[in-house]
Amino acid sequence: MQAIWGSLDRIEADQQGRYWVQLKAILSGKTTIRFRALVGKHTLIARGVERIDLTNLCAGELLEVSFRHGRDGFLEAETIYAQPERVPAA
């Protein structure tokens, strides 16, 4: 399974009611790419060890998205993993 790390640019819905995530990733040097993946019904979305809803993700948040090539030629997200929220030291 392939994966990419990047910051969440946006979440969007298309006219068919499908959801997409777009990440911005910086490759070696100063090359920036944008990566767009379809979020399916079976996509696992988690923060730390807890499942979360897609709407709980925030723009700019660092994500890891594992993906596969779907039969329609789109990249389909298998998992979307957000870093656990940091707890301030006591």
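As shown above, the structure is provided for reference.
Keep in mind the model is a prediction, meaning the values are calculated, not measured. (Residues numbered from 1 in each chain as written. Predicted model: local features only at pLDDT ≥ 70, side-chain atom pairs only at ≥ 80, totals over all residues. Heavy atoms only, no water.)

A word on the side chain of Gln 22. Assignment of secondary structure puts Gln 22 in strand E2 (residues 19–26). In contact with Gln 22, not counting residues within four places along its chain, are Ser 7, Leu 8, Asp 9, Arg 10, Arg 34, Phe 35 and Arg 36. (Helix = DSSP H or I, 4+ residues; strand = E, 2+ residues; numbered from the N terminus. Contact = heavy atoms within 4.5 Å.)

Let us look at the pairing of strand E3 (residues 32–47). Pairing geometry for E2 and E3, over eight bridges, is antiparallel. Within E3, the residue paired with Ala 25 across the bridge is Ile 33. Linking E2 to E3, which pair antiparallel, is a turn of five residues; within it Gly 29 sits at a positive phi near 80°. Where E3 meets strand E6 (residues 75–82), six bridges bridge the pair, whose relative direction is parallel. In the strand pairing of E6, Ala 46 is matched with Tyr 81. Two elements, E3 and strand E4 (residues 50–51), share two bridges in a ladder whose sense is antiparallel. For Ala 46, the partnering residue across the bridge sits in E4 and is Arg 51. Counted along the chain from E3 to the antiparallel partner E4, the turn is two residues long, and its residue Gly 48 has a positive phi close to 65°. (Pairing = 2+ DSSP bridges.)

Take the nonpolar core next. Of all hydrophobic cores here, the largest spans 19 residues; its most connected members are Val 21, Leu 23, Phe 35, Ile 45, Leu 57, Leu 63 and Ile 80. Broken down by secondary-structure element, the contributors of at least two residues to this core are strand E1 (2–13), E2, E3, strand E5 (62–69) and E6. (Core = buried A, V, L, I, M, F, W, Y, C linked by side-chain atoms within 4.5 Å. Buried < 20%, exposed > 50% of the residue type's maximum accessible area, 1.4 Å probe, protein only.)

Further remarks concern the side chain of Thr 43. With respect to the helices and strands, Thr 43 occurs in strand E3. For Thr 43, a relative accessible area of 10% puts it in the buried group. At 2.8 Å, the side chain of Thr 43 forms a polar contact with the backbone nitrogen of Gly 40. (Polar contact = N/O pair within 3.5 Å; in protein donor to acceptor, adjacent residues only side chain to side chain.)

A word on the pattern of salt bridges. Applying the stated criterion to the full structure yields seven salt bridges. As a salt-bridge pair, Glu 12 and Arg 10 come within 3.0 Å of each other at their nearest N and O atoms. The residue Glu 12 makes a salt bridge to Arg 36 at a minimum N-O spacing of 2.8 Å. Of this pair, Glu 12 sits in strand E1 while Arg 36 sits in strand E3, placing them 24 residues apart in sequence. The class of Arg 36 is partly exposed, set by a relative accessible area of 38%. Through salt bridges with shared partners, a single network forms among Arg 10, Glu 12 and Arg 36. (Salt bridge = Lys/Arg side-chain N within 4 Å of Asp/Glu carboxyl O.)

Now for the pairing of E1. Direction of pairing for E1 relative to E5: antiparallel, over a ladder of six bridges. Each bridged residue has a counterpart across the sheet, and for Ser 7 the counterpart in E5 is Leu 62.

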